[in-house]
Amino acid sequence: MVKNIDWQNLGFSYIKTDYRFIARWKDGAWDNGELSTDDVLHIHEGSTALHYGQQCFEGLKAYRCKDGSVNLFRPDQNAARLQRSCDRLLMPQVPTELFIRACKEVVKANDEWLAPYGTGATLYLRPFVIGVGENIGVRTAPEFIFCVFCCPVGAYFKGGLAPSNFLVSDYDRAAPAGTGAAKVGGNYAASLYPGKLAKEKNFADCIYLDPKTHTKIEEVGSANFFGITKDNKFITPDSPSILPSITKYSLLYLAKERLGLEAIEGDVYIDQLDQFTEAGACGTAAVITPIGAIQYGDNYHIFYSETDVGPITKRLYDELVGIQFGDVEAPEGWIVKVK
């Protein structure tokens, strides 16, 4: 029995569900983990996650298909990215098998919270690793918690697949040789203030330029940027301080293999936006959000339209979402069935 929720108008916010998965690392190994009904973590006051930011997280979704089965989209890639983030912060890797098993168990246990097919809503999964245990010094934690919780969500940006406008920020998202490529909370904490400034000016969020030269686009808020050129090239920024979005790499593949575009990771200079006929932000939460316009200083650059979605962006969206919901054939290994 599916929960009685207004699925069509669901936003992107926390809703408590019934179960979450928790595993603990101690004495050099992870335990088997278990499902829990307790949505409050009990951790030591000296936990490194609280004082030194030793934590990282992931985001992925479960999708109800037309036949009632449930898909996970490329969870092995989320597991691999979490492992890289753990390496960067001196935390023990969560094995891929444990990661995927935890996600499956959470989805199965919270099946009532997974939206019916056709509503566009999904079940968002939030896996994370935090350093815990008795500690006060700047060092790696003696113990760790790996947890996966979930909640039903709709569109991340208001309006779903509709253009949003963004403001170029004077602030940096990450340092040139910092933790920009890791999915760690500190990157997001640093983005709260610039994001607030952008929203106060009626923009959806801000765009960050590269921290070294401030000449190239790196990220769009908490999502990756892509643009479609006049000569049908799909271009997305390339930088060691960009979070490697699984959605972005999926779109690079689909743009080339399904749409026949030239797919490029390269420099996207902020003063060369005229080359693009369409642009968008992409990520697990955002999926694809068309960019209507970008404000950079006194320059207000409009792409395809501030009200309508460009044709190539729409085709990419339909292909990606079709794969996720099981309506379009997926490349090999992209879909893991929960049931």
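Residues numbered from 1 in each chain as written. Predicted model: local features only at pLDDT ≥ 70, side-chain atom pairs only at ≥ 80, totals over all residues. Heavy atoms only, no water.

As recorded in an unreviewed UniProt entry, the protein chain goes by the name Branched-chain-amino-acid aminotransferase, listed as coming from Frederiksenia canicola. Quoted verbatim from the Sequence similarities (unreviewed entry) heading of the UniProt record, the comment on the protein chain is "Belongs to the class-IV pyridoxal-phosphate-dependent aminotransferase family." In its Function (unreviewed entry) section, the UniProt record describing the protein chain reads: "Acts on leucine, isoleucine and valine." (UniProt positions renumbered as here; feature names shortened; annotations may be inferred.)

Trainee: For the pattern of salt bridges, give the residues involved together with the corresponding values.
Mentor: Considering all chains together, one arrives at 14 salt bridges under this definition. Between Glu 200 and Lys 196 there is a salt bridge whose closest N-O contact spans 2.6 Å. Of the two residues, Glu 200 and Lys 196 are both situated in helix α4 (residues 185–200); the distance of four residues between them amounts to about one turn of the helix. A salt bridge links Lys 233 to Asp 231, with the shortest nitrogen-to-oxygen separation between them at 3.7 Å. A relative accessible area of 25% means that Lys 233 is categorised as partly exposed. A relative accessible area of 49% means that Asp 231 is categorised as partly exposed. What you see here is one network of salt bridges that share partners, running through Glu 97, Arg 101 and Glu 105. (Salt bridge = Lys/Arg side-chain N within 4 Å of Asp/Glu carboxyl O. Helix = DSSP H or I, 4+ residues; strand = E, 2+ residues; numbered from the N terminus. Buried < 20%, exposed > 50% of the residue type's maximum accessible area, 1.4 Å probe, protein only.)

Trainee: Give me the lowdown on the environment of Leu 192, citing residues and values where you can.
Mentor: Relative to the assigned elements, Leu 192 resides in helix α4. The exposed category is assigned to Leu 192, whose relative accessible area is 62%. Distance in space between the C-alpha atoms of Leu 192 and Asp 205 is 9.9 Å, their sequence separation being 13 residues.

Trainee: Tell me about helix α5 (residues 246–257), and please be specific about residues and values.
Mentor: End to end, α5 covers 16 Å across twelve residues, agreeing with the expected 16 Å (1.5 Å per residue, within 8%). The complete set of buried residues in α5 reads Ile 246, Thr 247, Lys 248, Ser 250, Leu 251, Leu 252, Leu 254 and Ala 255. Put simply, Ser 245 is the residue that caps the front of α5, since its side-chain oxygen is 3.2 Å from the backbone nitrogen of Thr 247. (Expected span 1.5 Å × (residues − 1). Polar contact = N/O pair within 3.5 Å; in protein donor to acceptor, adjacent residues only side chain to side chain.)

Trainee: Which residues make up the side chain of Thr 119, and what values do they have?
Mentor: Looking at the element boundaries, Thr 119 is found in the loop between α3 (96–109) and β7 (122–132). Given the relative accessible area of 17%, Thr 119 is considered buried. Thr 119 has contacts with Trp 7 and Gln 8, leaving out every residue within four places of it along the chain. (Contact = heavy atoms within 4.5 Å.)

Trainee: Describe unusual backbone geometry, and please don't skip the residues or the numbers.
Mentor: Not every positive phi belongs to a glycine, and Arg 74 is a case in point at roughly 50°. Along the chain, the position of Arg 74 falls in the loop between β6 (70–73) and α2 (75–88). At Val 287, a residue that is not glycine, the phi angle is positive and equals roughly 60°. Along the chain, Val 287 falls in strand β16 (residues 287–296).

Trainee: Residues and numbers for the UniProt feature "modified residue: N6-(pyridoxal phosphate)lysine" (unreviewed entry) in the protein chain, please.
Mentor: Following the UniProt record, the feature "modified residue: N6-(pyridoxal phosphate)lysine" (unreviewed entry) maps to Lys 183 here. Mapped onto the secondary structure, Lys 183 falls in the loop between β9 (164–168) and α4. Exposure remark for Lys 183: the relative accessible area of 9% places this residue in the buried category. Aside from chain neighbours lying at most four places away, what touches Lys 183 is Cys 56, Phe 57, Glu 58, Gly 59, Arg 81, Ser 85, Tyr 188 and Leu 243.

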